[in-house]
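So the chains spell out like this:
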Amino acid sequence: MDVEIPLTKLWLQVPEEQELVALALQRVLASGSYILGREVAAFEEEFSAYLGGVCGVGVASGTDAIMLGLLAGGVGVGDEVLVPAFGSGATVTGVLAAGATPVLAEVGWEFGLDLERLSEALTPRTRAIVVVHLFGRMDEMTPILAFARAHQLWVVEDCAQAHGAGYWSEPLQRWCKAGTMGDVGAFSFYPTKNLGGMGDGGFCCTACPVVLERLRELRQYGWRVRDDSGSAGRNSRLDEVQAAVLRVALPKLDAWNARRTVIAAYYQEGLREFCSPDMILPLPDDSRRKSVWHLFVVRARLRQRLTGGLTGRGIGFGIHYPKALSQQTAYQPFGAGRVFPVAQQLAAEVLSLPLSPFLGESCRRKVLAVVAEFCRKI
Ligand SMILES: Cc1ncc(COP(=O)(O)O)c(C=O)c1O
């Protein structure tokens, strides 16, 4: 059966948005400036203002943002970087691109780092930690930052799935957005993200002016000024087309995130009565967290039966992620000698239901009905 309700629908597929994007593209075309021009500078200012308390630079991708965020902290060859054992392989790729060695750390049932087991992964060479705000929900930043401070670790927040997500900082007594609590925040603008462009793109932000200058140099050949490299940099620039497209999207991000939250609450409400060890729902927000629901990920012990039911009724789904990082051939050495039972069980059970700001009422109802029917049968 054809997919009637896809896992996601992108804002760029909405006809009214396409008209606005066409105008933005025309503006770029006429400008004669296509890389790191006015659109990028304006977007950098606007996204930094949205995040609050940081300044940032546009870069080529989220993976590069992680790499540059580490390099800006002096983390590279010979250094070890802690990375959660369950999540996107892109995070590990970013660490490897910096020349550093990823070290996998076990996660908890809520997909965040298992703080009690974090010190098991420490060695005298550990220099940094990449905290991943997976599926739109921020990880426990207050204790993670305390751990990082105690062990003098550089902190990069991987915010690829968490544009606009919030965390209540007890020490600061205020809400902080993802990307503003660590040393560097790293974002992806891959089209499916909460803030997605029309191709690859990324962003690195920091509250420290010295780190900001370092990031600015690193993204373009290490140039302090044109044709004068102060350090060995990279080529990782955001282009004008992406920045112009992202400027159309940014003012709507909060409204889109709010619509995602409404759909997540609808699923939560409708599936609550079926909660059991066979069907575990994602945690709702608590007093410290405001999720932006990049994905609505349930855990189903009989996942294959559920995917069969969804497919048979034309409903798309995702498996994020089918293997823990510790189970992937290329990354196995980074968890050698340790075990990751939680990460591996999560990989066996997770399933993402359709969710996007453009998922209409009848589609939500159908998704819920099919999942409820499955739950009644198990
Ligand atoms: C958690 C996470 N980190 C990093 C990335 C990398 O972003 P990009 O695809 O822009 O390189 C992604 C996106 O796929 C991601 O989901």
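Computed from a predicted structure; not experimentally measured. (Residues numbered from 1 in each chain as written. Predicted model: local features only at pLDDT ≥ 70, side-chain atom pairs only at ≥ 80, totals over all residues.)

### Notes on the overall build of the protein
Part 1 of the argument: Within the protein one finds eleven helices and 15 strands.
Part 2 of the argument: Over its C-alpha trace the protein gives a radius of gyration of 21 Å, about what one expects of a compact globule, namely 21 Å for 378 residues.
Part 3 of the argument: When the backbone C-alpha atoms are referred to their principal axes, the protein occupies close to 65 × 55 × 40 Å.
Part 4 of the argument: Looking at the protein as a whole, 47% of its 378 residues qualify as buried.
Part 5 of the argument: Relative to all contacts within the protein whose residues are 6 or more apart in sequence, the contacts with residues 24 or more apart total 72%. (Helix = DSSP H or I, 4+ residues; strand = E, 2+ residues; numbered from the N terminus. Rg over C-alpha atoms; globule rule 2.2 N^0.38 Å. Buried ≥ 20, exposed ≤ 12 C-beta atoms within 10 Å, placed from the backbone. Contact = placed C-beta atoms within 7 Å.)

### Looking at the nonpolar core
Part 1 of the argument: Leu70, Val81 and Cys204 are the most contacted members of the largest nonpolar core, which has 112 residues in total.
Part 2 of the argument: Here this core spans two domains, and each of domain 1 (11-251) and domain 2 (253-377) adds at least three residues to it.
Part 3 of the argument: Ignoring anything within four residues of it in the chain, the contact list for leucine 70 reads Val75, Val81, Val95, Ala98, Ala100, Ala128 and Val156. (Core = buried A, V, L, I, M, F, W, Y, C linked by C-beta atoms within 7 Å. Domains from an automatic or database assignment.)

### What about the site of the ligand?
Part 1 of the argument: Close to the ligand lie 15 residues; Gly62, Thr63, Ala90, Ala160 and Ser188 are nearest.
Part 2 of the argument: Put simply, the parts of the chain that give the shell around the ligand at least two residues each are helix H3 (62-72) and helix H4 (89-97).
Part 3 of the argument: Looking at the shell around the ligand residue by residue, the classes come out as four nonpolar, nine polar and two charged. (Near = placed C-beta within 6 Å. Nonpolar A, V, L, I, M, F, W, Y, C, P; charged D, E, K, R; others polar.)

### Let's talk about the packing of H3 against helix H6 (residues 209-218)
Part 1 of the argument: As a packed pair, H3 and H6 sit with axes 9 Å apart at the nearest point and diverge in direction by 125°. As far as their axial angle goes, H6 and H3 are oblique. Of the two elements, H3 crosses H6, and the hand of that crossing is right-handed. Every residue of H6 that contacts H3 at Leu68, Leu71 and Ala72 is listed here: Val211, Arg214, Leu215 and Leu218.
Part 2 of the argument: Here the contact of H3 with H6 is built from residues that sort into six nonpolar, no polar and one charged. (Axes fitted to C-alpha atoms, helices over the stretch in contact; angles between N-to-C directions. Parallel < 35°, antiparallel > 145°, perpendicular 65-115°, else oblique. Left-handed = near helix turned anticlockwise from the far one by under 90°.)

### So, the sheet that holds strand E14 (residues 296-300)
Hydrogen bonds along the backbone pair up the strands of a sheet, which may run parallel or antiparallel.
Part 1 of the argument: In space, the three strands of this open sheet follow the order E12-E14-E15, with antiparallel pairing throughout. The sheet is open, and its two edges are formed by strand E12 (279-280) and strand E15 (350-353), each paired on a single side.
Part 2 of the argument: Pairing geometry for E14 and E15, over four bridges, is antiparallel. Within E15, the position partnered with phenylalanine 296 by the bridge is leucine 353. (Pairing = 2+ DSSP bridges.)

### A look at the pairing of E14
Part 1 of the argument: The buried count for E14 comes to four of five residues, which makes it a mostly enclosed element.
Part 2 of the argument: Sheet topology places E12 next to E14; two bridges connect them, and they run antiparallel. Bridging across to E14, methionine 279 finds its partner in alanine 300.

### Overview of the pairing of strand E6 (residues 166-169)
Part 1 of the argument: With four bridges connecting them, E6 and strand E7 (residues 174-177) associate as antiparallel partners. Across the sheet, residue tryptophan 168 finds its bridge partner in E7, namely tryptophan 175.
Part 2 of the argument: Direction of pairing for E6 relative to strand E13 (residues 289-290): antiparallel, over a ladder of two bridges. Looking at the pairing, glycine 166 lines up with lysine 290 of E13.

### Some remarks on the sheet that holds strand E8 (residues 184-188)
Part 1 of the argument: Spatially, seven strands are ordered E1-E9-E8-E5-E4-E2-E3 in an open sheet, and the strand pairing comes out mixed. A single partner strand is all that each edge strand has here, and the edge strands are strand E1 (55-59) and strand E3 (101-105). Adjacent strand axes in the sheet meet at a mean angle of 25°, parallel and antiparallel pairs treated alike.
Part 2 of the argument: When strand E4 (residues 126-132) meets strand E5 (residues 154-158), the two strands line up parallel, connected through five bridges. From the neighbouring strand, alanine 128 faces E5, where its bridge partner is tryptophan 154.
Part 3 of the argument: Against the sheet, H3 touches E1, strand E2 (80-84), E4, E5, E8 and strand E9 (202-206), its axis set at about 165° to E8.
Part 4 of the argument: In the packing of H6 onto the sheet, the strands contacted are E1, E8 and E9, and the crossing angle to E9 comes to about 155°.

### Overview of helix H8 (residues 253-271)
Part 1 of the argument: Compared with the 27 Å implied by 1.5 Å per residue over 19 residues, the 27 Å span of H8 between its first and last C-alpha is a close match.
Part 2 of the argument: The complete set of buried residues in H8 reads Asn257, Arg260, Ile263, Ala264 and Tyr267. End-on view of H8: buried residues confined to an arc of 120°, all on one side of the axis. More than 90 degrees from the buried face of H8, the exposed residues found are Ala255, Val262 and Glu269.
Part 3 of the argument: Where H8 is buried, its residues contact E14, E15 and helix H11 (361-377). (Expected span 1.5 Å × (residues − 1). Arc of directions from axis to C-beta.)

### What to know about the packing of H3 against H4
Part 1 of the argument: One way to put it is that H3 packs onto H4 with a least axis distance of 8 Å and a crossing angle of 45°. The orientation of H3 relative to H4 falls into the category oblique. As for the relative orientation of H3 and H4, their crossing is right-handed in sense. Only Ala90, Thr91, Thr93, Gly94, Val95 and Ala97 of H4 make contact with H3, whose side of the interface consists of Gly62, Thr63, Ile66, Met67 and Leu70.
Part 2 of the argument: Its residues assigned to classes, the contact of H3 with H4 shows six nonpolar, five polar and no charged.

### Concerning the domain arrangement of the protein
How big an interface is tends to be stated in terms of accessible area lost as the parts join.
Part 1 of the argument: In terms of domain boundaries, the protein breaks down into domain 1 (11-251) and domain 2 (253-377).
Part 2 of the argument: Taken over C-alpha atoms, the centre of domain 1 sits 24 Å from the centre of domain 2.
Part 3 of the argument: Contact residues are listed per partner, giving 35 residues for domain 1 and 30 residues for domain 2.
Part 4 of the argument: Looking at side-chain class alone, the side of domain 1 that touches domain 2 contains 20 nonpolar, ten polar and five charged residues.

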